[in-house]
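Summary of structural features
So you can see what is in the structure, the chains are spelled out below.
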Amino acid sequence: MTQRLRSRPQFQAVMAGAPVAKTPHFALHRAALDVPVEGKALFPVADAWLGVLLPKRWARRAVTRNAIRRQIYEVARHRAAPLPQAAWVVRLRSEFSRKQFVSATSDALKQAVRAELEQLLSRAQLPRPVLPAEARDAV
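These notes cover the structure that comes with them. All figures in this text were calculated on a predicted structure; none of them were measured in a lab.

1. A look at the side chain of Thr64
For Thr64, the position within the fold is in helix α2 (residues 62–77). The class of Thr64 is buried, set by a relative accessible area of 11%.

Written out as structure tokens, the structure reads:
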């Protein structure tokens, strides 16, 4: 099971380093779990920790940010092998074209986000995700 990053110090610790992988719209940051802050551990459970950073600058509508956030957590959850034990942050680094994706929650946008996230995780040399049966049949 993947833990979620919640606090500002957790996000700051992960974002301190350079991205380990990039795609046109996303960047993936990673940090080891043994980062102490003021004498206590930032990540108390030895597990994979995942955070999502979606600035309003790149996704103005809340419905779009929420749709992208859900896709990120779903791709991470449906992986064949769980994320390695580390802290991960997926950061949106550029806007999805509102001309190409008119609807904030269109299936086309969700598929584009999923495809790019799978590409991002493969660039980080992680195992490929296992698609649910419905998604395999649709492809």
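2. Side note on the packing of aromatic side chains
As enumerated under the stated definition, the model contains 3 aromatic pairs in all. Between the aromatic rings of Phe26 and Phe96, the centroid separation amounts to 6.0 Å while the plane-to-plane angle is 55°, which identifies the pairing as tilted. Taken together, the residues Phe26 in strand β3 (residues 26–31) and Phe96 in the loop between β7 (87–92) and α3 (107–123) connect sequence positions 70 residues apart. Of the two residues, Phe26 and Phe96, neither departs from the other in class, the shared state being buried. Ring geometry for Phe96 and Phe101: centres 6.0 Å apart, planes at 75°, overall edge-to-face. Taken as a pair, Phe96 and Phe101 share a single burial class, namely buried. Of the aromatic side chains, those joined through ring pairs into one cluster are Phe26, Phe96 and Phe101. If you follow Arg4 out to its NZ or CZ, it ends over the ring of Tyr73, 3.6 Å from the centre.

3. Some points on helix α1 (residues 8–15)
Listed as buried for α1 are Gln10, Phe11, Ala13 and Val14. Angularly, the buried residues of α1 cover 160° about the axis, an arc narrow enough to put them on a single face. Those residues of α1 that are buried lie in contact with β3, β6 (49–53) and β7.

4. Things to note about the environment of Arg91
With respect to the helices, strands and loops of the structure, Arg91 is situated in strand β7. Residue Arg91 is classed as partly exposed on the basis of its relative accessible area of 22%. Residues Arg91 and His25, 66 residues apart in the sequence, show an inter-C-alpha distance of 8.4 Å. Among all residues touching Arg91, those that are not within four sequence positions of it are Met15, Pro19, His25, Phe26, Ala27, His29 and Leu53.

Conventions and cut-offs
- Residues numbered from 1 in each chain as written.
- Predicted model: local features only at pLDDT ≥ 70, side-chain atom pairs only at ≥ 80, totals over all residues.
- Heavy atoms only, no water.
- Helix = DSSP H or I, 4+ residues; strand = E, 2+ residues; numbered from the N terminus.
- Buried < 20%, exposed > 50% of the residue type's maximum accessible area, 1.4 Å probe, protein only.
- Phe/Tyr/Trp six-rings, centres within 6.5 Å; stacked < 30°, edge-to-face > 60°.
- Lys NZ or Arg CZ within 6 Å of the ring centre and 35° of its normal.
- Arc of directions from axis to C-beta.
- Contact = heavy atoms within 4.5 Å.

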